[in-house]
There are 2 protein chains.
Amino acid sequence: MKVLILAGGSGTRLWPLSRKRFPKQFIKLFENERSLFQKTFNRSLKLVSLDDIYILTNKDYKYLVQNQIDELGYNFNKDNILLEPKSKNTLPAIYYGVDIVTKKEEDNIVVFPSDHLIEDNHKFIEIIKSSTKLAKKYIITFGIKPNKPKTGYGYISPGEKTINGFFVKEFKEKPDRDTAKQFIESGYLWNSGIFMFNSNIFKNEVKEHAFNIYSIFQKYDDIKDVFKKIESISIDYGLLEKTSNITVVPVDLEWNDLGDFDSFYNVFQTDQDNNITDNKDILINSKNTLIKSNSPKIVAGINIKDLIVIDTDDALLICNKGSSQKVKDVVKILSKNDDQRINYHLEDQRPWGKYKVLEEKDTSKVKRITVLPGKRLSYQLHKYRKEHWYIVKGNAKVTIDDEIFNLKAGESVFIKEEQKHRVENNGDEILEFIEIQTGSYLEEDDIIRFDDDFDR
Amino acid sequence: MKVLILAGGSGTRLWPLSRKRFPKQFIKLFENERSLFQKTFNRSLKLVSLDDIYILTNKDYKYLVQNQIDELGYNFNKDNILLEPKSKNTLPAIYYGVDIVTKKEEDNIVVFPSDHLIEDNHKFIEIIKSSTKLAKKYIITFGIKPNKPKTGYGYISPGEKTINGFFVKEFKEKPDRDTAKQFIESGYLWNSGIFMFNSNIFKNEVKEHAFNIYSIFQKYDDIKDVFKKIESISIDYGLLEKTSNITVVPVDLEWNDLGDFDSFYNVFQTDQDNNITDNKDILINSKNTLIKSNSPKIVAGINIKDLIVIDTDDALLICNKGSSQKVKDVVKILSKNDDQRINYHLEDQRPWGKYKVLEEKDTSKVKRITVLPGKRLSYQLHKYRKEHWYIVKGNAKVTIDDEIFNLKAGESVFIKEEQKHRVENNGDEILEFIEIQTGSYLEEDDIIRFDDDFDR
């Protein structure tokens, strides 16, 4: 058995908490929490060994995946991180994953999305394990037993029983409230997007129902070419709704797609006034409110109710409960204005660590840069700005115009315009330094790199 | 005629916009606006010449007063800034001011609070000017013609006419709504706290009705001793409600004490949805809401109404409209926790300029420090932290362990623990530098100063 984790999604419905460069699956919802991706990874380890987990993501999130697995303490094989060259929805992505994973031999594949919240349930793992017989004959989708008539989810109508599952009679799109109630009464299940199948069965089904996709994978030199010309289509539309070899296995567990901040509110423990908030915050006569802000900032609420308050360093969202679907309209407006706050947080994760913009003014910018042990930034130069680095923590191996030297905490270095420079953490501890940029032009695109295939 | 501006108040009802170290009168409510203090100063200049304006404030706000007058472009005589050694409410403060201002000769004094919003009204200036005859006989309080039955204001009941005013029949405390309506019907006026009187009349009245206060000012060596032992009492309780030589001159203008964020909402121009907000913010289906945040942060509101949202770098207030009086309860809780956010903003104004904490972590702190031309910081040392300064703008004259040298933009210096150091702006432009502190203890109280009477 192999597990394929889908970690390439880039939703904006949790903006400003999520950004295109830092989507939902990587967010740590509250301090000391694991991200949804990390929870999915840990769940996968209950099914298979480390080497049998594969992550399907893209270039932008590769280092997020790596860093978050590193943080869990696993020495994960980088070859198991597969990169979609272009986002073409789930069917091409899953086919690509299955194709790579089973290059040597066919196997049973479990596909986990990584952006849903699933109760850590021993029974679910057992159900998956005991579904291998069914998976040898049919594509399995796991169906969650609904506890509420949710209008935001897709439903599955189970038909005739087979082995430990049911044939799928029909997939149903997001219903209205009354229809959702009828669905529940009729024993319909939520479509979780979690699949299991034998790789050959899957490939044959794609061959039969989505031949264009199948054929394009039969012979290619560069996967980039495949993704350039392949059709963008979901596994639901492209395959599951077409085939009759599709079964559903019911699972009874807490599941939430965290599709908006209202779902978000529903999955967390509330206090006696039905508020979700940090201890540091001060709420007076307030209820049914979700407050999330970056420590150490304090939030005070007075006589407020039914609000969602999401405060980040550069954007604050205040939304009436029940309206959080409209976050996408805010994102649309920002997108029209080419506002970078839909793409980046002020603190941005990088392959080599992370950086945070502490202050940005017309002619100066201050950053805190953190480099992981053994990692380095690319060898680069800037035309229009000079930089000054002051080491706050750890040890740095610095290269300036091909001269190499070491700096330790409390030491600093100047980098002039046009000087080639690089920093590397050659110690065992975190390297942290403050970078002060000055110049007439301080945008990130004033950079010439001298390492061609460097992880930026 | 002399003008005495009261600028020593330290309210907390506009927290987190106002802090003890940065009270209401100095806040610029919206960008490119003048502060209430600056508006009061400009109004005073329509009555008297620069040398006849006196500011009554305290040590903590002295440099705010200076900097904000500098910003208006006036070369103001520093001797005209009078410092209360201790806050003892308005009667002792005004007596002190009057006493100093009229040391040489008696004169008419106009007393302006600096924390109220007053429509810039030519007529008001004329009314004050034409009240000098009345001021020679009686204490004048200017009474605002009410336009709404406000419950948060004090009222004055005018009696018999005399010259261009009326004798005061009675002062009335904040009424309930029905009483306020009756007051308006009976021709009562709002108590504005703006006074005018001849200095001798005032002193005689204090002598008669508050002899303790009068006598203590008759002979003293050090004003600090006076304020140590003097009674704390307002001019209303201590004098105006006791004397019969008190008149009211009605004035018809827009006036608001900005006593809370609800008043705040009422004085600003709203948009078509009755919102007050910056252009940068995005409001969807939202109304009757006041949003104030520090640029460039963006605020997005979805389906919200009747909210007051005040976002600062380290604290966010969200308050239902009509409840903003309860801000004081939040401040009480913070005060109990000894939370410094009731005292300071992250950006703190200093006599020599200002500084802003860009990031504070366990063992490092980054500040942006701005020094005005010709100003310098105290000569000092720290026991537990070292500092690194990198000059971003301007020129610095630096002293380290009695060695003096110059630094210009793009240069830096290290200061070790226990090293005496000072920085001075010896150029004509603003000096701006980044200070990086590292060490085991980074609080502001790790400081030994070597200039005794230095403005900190």
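You'll find the structure just up there.
Trainee: Got a minute to help me understand the overall build of chain A in this structure?
Mentor: What chain A contains, in helices and strands, is 12 helices and 27 strands. Taken over C-alpha atoms, the radius of gyration comes to 24 Å for chain A, in line with the 23 Å a tight globule of 456 residues would show. With the principal axes as the frame, chain A shows a C-alpha extent of 75 × 65 × 40 Å. Here chain A holds 456 residues, and the buried ones make up 57% of them. For chain A, restricting intrachain contacts to residue pairs at least 6 apart in sequence, the fraction spanning at least 24 positions comes to 70%.

Trainee: Would you explain the nonpolar core in this entry?
Mentor: Counting residues in each nonpolar core, the largest one holds 74 residues, and the members touching the most others are A:Trp15, A:Phe41 and A:Ile55. The leading source of residues in this core is helix H2 (residues 62–72) of chain A, at 5 residues. Leaving out residues up to four positions away in the same chain, A:Ile55 has contacts with A:Ile5, A:Ala7, A:Phe37, A:Phe41, A:Val65, A:Ile69, A:Phe76, A:Asn80, A:Ile81 and A:Leu82. Counting 73 residues, the second-largest nonpolar core is a separate cluster that includes B:Phe112, B:Ala135, B:Ile140 and B:Ile310.

Trainee: Looking at this structure, I do not really get unusual backbone geometry. What am I missing?
Mentor: Backbone geometry follows two general trends: most residues other than glycine have a negative phi, and most peptide bonds adopt the trans configuration. Residue A:Trp15 is joined to A:Pro16 through a cis peptide bond whose omega torsion reads 5 degrees. Along the chain, A:Pro16 falls in the loop between strand E1 (2–6) and helix H1 (36–44). Here A:Asp338, not a glycine, exhibits a phi torsion of approximately 55 degrees, which is positive. Look at B:Asn274: it is not a glycine, yet its phi comes out positive at around 60 degrees. By the secondary structure assignment, B:Asn274 is in the loop between helix H11 (261–267) and strand E12 (282–284).

Trainee: I tried to follow the relation of the copies chain A and chain B on my own but got confused; where do I start?
Mentor: The relation between the two copies of this chain is a rotation about an axis and a shift parallel to it. Taken as rigid bodies, chain A and chain B are interconverted by a rotation of 179 degrees and an axial shift of 0.1 Å, the fit giving an RMSD of 0.2 Å. One copy is carried onto the other by what is essentially a two-fold rotation axis. It is A:Leu358 whose C-alpha, among those of chain A, lies nearest the rotation axis, at 2.9 Å. Taken as a fraction of all interface residues of chain A, those also at the interface in chain B reach 100%, which identifies the copy contact as same-surface.

Trainee: Help me understand the environment of A:Ser323, please; the structure alone is not making it clear to me.
Mentor: Position of A:Ser323 relative to the elements: it lies in the loop between strand E16 (315–320) and helix H12 (327–336). Judged by its relative accessible area of 8%, A:Ser323 falls in the buried class. For the pair A:Ser323 and A:Leu117, spaced 206 residues apart in sequence, the C-alpha separation works out to 21 Å. Within polar-contact distance, the side chain of A:Ser323 engages the side chain of B:Asn303 at 2.6 Å.

Trainee: Please clarify how the packing of aromatic side chains should be interpreted in this entry.
Mentor: Any two aromatic rings considered together are summarised by their centre-to-centre distance and by the angle between their planes. What the rule picks out here adds up to 54 aromatic pairs over all chains. Measuring from ring centre to ring centre gives 6.3 Å for B:Phe37 and B:Phe41, while their planes differ by 45 degrees; the resulting arrangement is tilted. Residue B:Phe37 and its partner B:Phe41 are both found in helix H1 (residues 36–44); the two are separated by 4 residues, about one turn of the helix. An aromatic cluster is built from A:Tyr95, A:Tyr96, A:Phe197, A:Phe202, A:Phe211, A:Tyr214, A:Phe217, A:Tyr220 and A:Phe227, whose rings are joined through pairwise contacts. Looking at A:Lys367, its charged tip hangs above the ring of A:Tyr355, at a distance of 4.1 Å from the centre.

Trainee: Would you mind going over the interface of chain A and chain B with me for this structure?
Mentor: The interface of chain A with chain B comprises 55 residues on the first partner and 55 residues on the second. Of the roughly 4400 Å² buried where chain A meets chain B, counting both sides, 65% is carbon and sulfur surface. Between chain A and chain B we count 6 salt bridges in total. A:Glu359 serves as the salt-bridge partner of B:Arg368, at 2.7 Å between the closest nitrogen and oxygen. At 6 residues, E16(A) tops the list of elements feeding residues into the side of chain A that touches chain B. For the side of chain A that touches chain B, the residue count by class is 27 nonpolar, 12 polar and 16 charged. Bridge analysis of E16(A) against strand E14 (residues 298–302) of chain B gives 5 bridges, and the strand direction is parallel.

Trainee: Please clarify how the packing of helix H3 (residues 90–101) of chain A against helix H7 (residues 199–209) of chain A should be interpreted in this entry.
Mentor: All names here are of chain A. Two numbers describe how H3 lies on H7: the axes approach to 11 Å, and their chain directions differ by 140 degrees. Between H3 and H7, the angle is such that the two are oblique. When the axes of H3 and H7 are compared, the crossing they make is left-handed. Note on element contacts: H7 touches H3 through Ser199, Phe202, Lys203 and Val206, opposite Leu91, Ile94, Tyr95, Val98 and Asp99.

Trainee: Just checking my understanding: could you explain the sheet that holds strand E12 (residues 282–284) of chain A for this structure?
Mentor: In a beta sheet, neighbouring strands pair by backbone hydrogen bonds and run either parallel or antiparallel. Pairing is mixed in the open sheet, where 5 strands are placed in the order E12(A)-E14(A)-E16(B)-E15(B)-E13(B). Sheet topology places E12 of chain A together with strand E13 (290–293) of chain B at the edges, where each strand pairs with a single neighbour. Each neighbouring strand pair of the sheet contributes to a mean axis angle of 5 degrees, computed without reference to strand direction. Running over the sheet, helix H12 (residues 327–336) of chain B touches E12 and strand E14 (298–302) of chain A together with strand E16 (315–320) of chain B and is turned about 140 degrees from E12(A).

Trainee: Whenever I open this one, the pairing of strand E2 (residues 53–57) of chain A confuses me. Can you help?
Mentor: The side chains of a regular strand alternate, residue by residue, between the two faces of the sheet. Residue and element names in this part refer to chain A. Counting buried positions over the 5 residues of E2 gives 5, a clear majority of the element. Here E2 shows two buried faces, one formed by Ile53, Ile55 and Thr57 and the other by Tyr54 and Leu56. Two strands pair when backbone bridges link them, and E2 and strand E3 (residues 81–83) are joined in this way by 3 bridges, in the parallel orientation. Bridge pairing in E3 places Ile55 opposite Ile81. Once the chain exits E2 it traverses H2 before rejoining the sheet at E3, and the crossover so formed is right-handed.

Trainee: Please clarify how the sheet that holds strand E13 (residues 290–293) of chain A should be interpreted in this entry.
Mentor: With respect to topology, 5 strands assemble into an open sheet ordered E13(A)-E15(A)-E16(A)-E14(B)-E12(B), the strand pairing being mixed. At either end of the open sheet lies a strand with only one pairing partner, and these are E13 of chain A together with E12 of chain B. Looking at each pair of strands side by side, their axes are set apart by 5 degrees on average, direction ignored. Inspection of the sheet shows E12(B) paired to E14(B) by 3 bridges, in the parallel sense. Its bridge partner being in E14(B), B:Ile284 is matched across the sheet by B:Ile302.

Trainee: Explain the pairing of strand E6 (residues 139–144) of chain A to me, please; I cannot follow it from the model alone.
Mentor: Residue and element names in this part refer to chain A. With respect to burial, E6 is a largely interior element, 6 of its 6 residues being buried. Because side chains alternate across E6, one face comprises the buried residues Ile139, Thr141 and Gly143, and the other comprises Ile140, Phe142 and Ile144, equally buried. As judged from the 6 bridges shared by E6 and strand E10 (residues 246–251), these two strands associate in the parallel manner. Note that in E10 the partner of Ile140 across the bridge is Thr247. Across 4 bridges, E6 lies against strand E9 (residues 189–198) in antiparallel orientation. The residue of E9 that forms the bridge with Thr141 is Phe195.

Trainee: Got a minute to help me understand the environment of A:Ile69 in this structure?
Mentor: Residues and elements named next belong to chain A. Within the secondary structure, Ile69 sits in helix H2. On the basis of relative accessible area, Ile69 is assigned to the buried category, the value being 1%. Taking C-alpha positions, Ile69 is 9.5 Å from Asn42, a pair spaced 27 residues apart along the chain.

Trainee: Sorry if this is basic, but what is going on with H3(A) here?
Mentor: Since there are 3.6 residues in each turn of an α-helix, residues three or four apart along the chain are aligned in direction. Residues and elements named next belong to chain A. For H3, with 12 residues, the first-to-last C-alpha span of 16 Å sits near the 16 Å given by 1.5 Å per residue. The buried count for H3 comes to 10 of 12 residues, which makes it a mostly enclosed element. All of the buried residues in H3 are Leu91, Pro92, Ala93, Ile94, Tyr95, Tyr96, Gly97, Val98, Asp99 and Val101.

Trainee: Sorry, what's going on with the pattern of salt bridges here?
Mentor: Pairs may arise between side chains of opposite charge once their charged atoms sit close together. Inspection of every chain in the model, using the stated rule, returns 53 salt bridges over all chains. In this structure, the salt-bridge partner of B:Lys354 is B:Glu347, at a minimum N-O distance of 3.7 Å. With a relative accessible area of 27%, B:Lys354 lands in the partly exposed category. With a relative accessible area of 25%, B:Glu347 lands in the partly exposed category. Salt bridges linked by common partners bring A:Lys297, A:Asp311, B:Lys297 and B:Asp311 together as one network.

Calculation criteria
- Residues numbered from 1 in each chain as written.
- Chains lettered and ligands numbered in written order.
- Predicted model: local features only at pLDDT ≥ 70, side-chain atom pairs only at ≥ 80, totals over all residues.
- Heavy atoms only, no water.
- Helix = DSSP H or I, 4+ residues; strand = E, 2+ residues; numbered from the N terminus.
- Rg over C-alpha atoms; globule rule 2.2 N^0.38 Å.
- Buried < 20%, exposed > 50% of the residue type's maximum accessible area, 1.4 Å probe, protein only.
- Contact = heavy atoms within 4.5 Å.
- Core = buried A, V, L, I, M, F, W, Y, C linked by side-chain atoms within 4.5 Å.
- Least-squares fit on C-alpha atoms with pLDDT ≥ 70 in both.
- Polar contact = N/O pair within 3.5 Å; in protein donor to acceptor, adjacent residues only side chain to side chain.
- Phe/Tyr/Trp six-rings, centres within 6.5 Å; stacked < 30°, edge-to-face > 60°.
- Lys NZ or Arg CZ within 6 Å of the ring centre and 35° of its normal.
- Buried area = accessible area lost by both parts, 1.4 Å probe.
- Salt bridge = Lys/Arg side-chain N within 4 Å of Asp/Glu carboxyl O.
- Nonpolar A, V, L, I, M, F, W, Y, C, P; charged D, E, K, R; others polar.
- Pairing = 2+ DSSP bridges.
- Axes fitted to C-alpha atoms, helices over the stretch in contact; angles between N-to-C directions.
- Parallel < 35°, antiparallel > 145°, perpendicular 65-115°, else oblique.
- Left-handed = near helix turned anticlockwise from the far one by under 90°.
- Right-handed = clockwise from strand over helix to strand, strands pointing away.
- Expected span 1.5 Å × (residues − 1).

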